[in-house]
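# Inside the fold
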Amino acid sequence: MSEQVIGSQSEVLFHFSIKLEDGSAADSTKVHNKPAKLFMGDGSLTENFEKCLLGLVVGDSKSFDLEPDDAFGQPNPDNIYYVDRSKFGVDTPAEVGSIIAFTQPDGTDLPGLVREVAGESVTVDFNHPLAGQKVTFEVDILEVSN
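The text that follows walks through the structure, step by step, so that each part is easy to find.

What counts as what
Residues numbered from 1 in each chain as written. Predicted model: local features only at pLDDT ≥ 70, side-chain atom pairs only at ≥ 80, totals over all residues. Heavy atoms only, no water. Helix = DSSP H or I, 4+ residues; strand = E, 2+ residues; numbered from the N terminus. Rg over C-alpha atoms; globule rule 2.2 N^0.38 Å. Contact = heavy atoms within 4.5 Å. Core = buried A, V, L, I, M, F, W, Y, C linked by side-chain atoms within 4.5 Å. Buried < 20%, exposed > 50% of the residue type's maximum accessible area, 1.4 Å probe, protein only. Pairing = 2+ DSSP bridges. Axes fitted to C-alpha atoms, helices over the stretch in contact; angles between N-to-C directions.

### Re the overall build of the protein
Broken down by element type, the protein carries 1 helix and 9 strands. The order of helices and strands in the protein, counted from the N terminus, is β-β-β-α-β-β-β-β-β-β. Taken against the 2.2 N^0.38 rule, which gives 15 Å for 146 residues, the C-alpha radius of gyration of the protein at 19 Å runs more than 25% over that of a compact globule. For the protein, the spread of C-alpha atoms along the three principal axes comes to 65 × 35 × 30 Å. Taking all contacts inside the protein whose residues are at least 6 apart in sequence as the whole, residues at least 24 apart take part in 63%.

As structure tokens, this is what we get:
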């Protein structure tokens, strides 16, 4: 039986960690020992993250350093909104550092980070929290099916 190599249509079960430049962990499936399952090309990971997995086989452990444009992109000023403080309530107070889910017209929730509260104006950042960051993407490949 030949080894299953990760290709563009593979199903992959793997552990991953995303670390910031200072070495701190931004995310990891190892924390709760729940590996991620990925269908290559399904859009759940960016194209650049998927490229890191191509060619790997079961048992491989690799680390990839990614620049912001290859990871979560650069912050987009158009994703920063100013919301009237009256839109916040007791359950969702406007406090700097809070992450609040805002319901979109299509019914999906979009998380926003409260960056500033000034009088009646609340600055909410809808950029990915890791936008603009260099990251290290570490993977341990557990299963591959083609």
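So, next bit.
### Observations concerning the nonpolar core
The nonpolar side chains of soluble globular proteins are, as a tendency, buried together. Among the nonpolar cores identified, the biggest contains 22 residues, and Ile 6, Phe 14, Leu 53, Phe 137, Val 139 and Ile 141 are the most heavily contacted of them. Of all the secondary-structure elements, those providing two or more residues to this core are β1 (11–20), β3 (36–39), α1 (47–53), β4 (61–66) and β9 (135–145). Sequence-distant contacts of Phe 14, that is, excluding residues within four places in its chain, are made with Thr 29, Pro 35, Ala 36, Leu 38, Leu 45, Leu 53, Phe 137, Val 139, Asp 140, Ile 141 and Leu 142. Listed in part, the 9 residues of the second largest apolar core include Phe 88, Phe 102, Val 122 and Val 124.

### Things to note about the sheet that holds strand β8 (residues 121–125)
The 4 strands are arranged β5-β8-β7-β6 in an open sheet whose pairing can be described as antiparallel. Each edge of the sheet is formed by a strand with only one pairing partner; in this case those strands are β5 (80–84) and β6 (99–103). Sheet twist, expressed as the mean angle between neighbouring strand axes with direction ignored, is 45°. Bridge count between β6 and strand β7 (residues 109–118): 5 bridges; the pairing is antiparallel. By the bridge assignment for β7, Phe 102 is matched with Leu 110.

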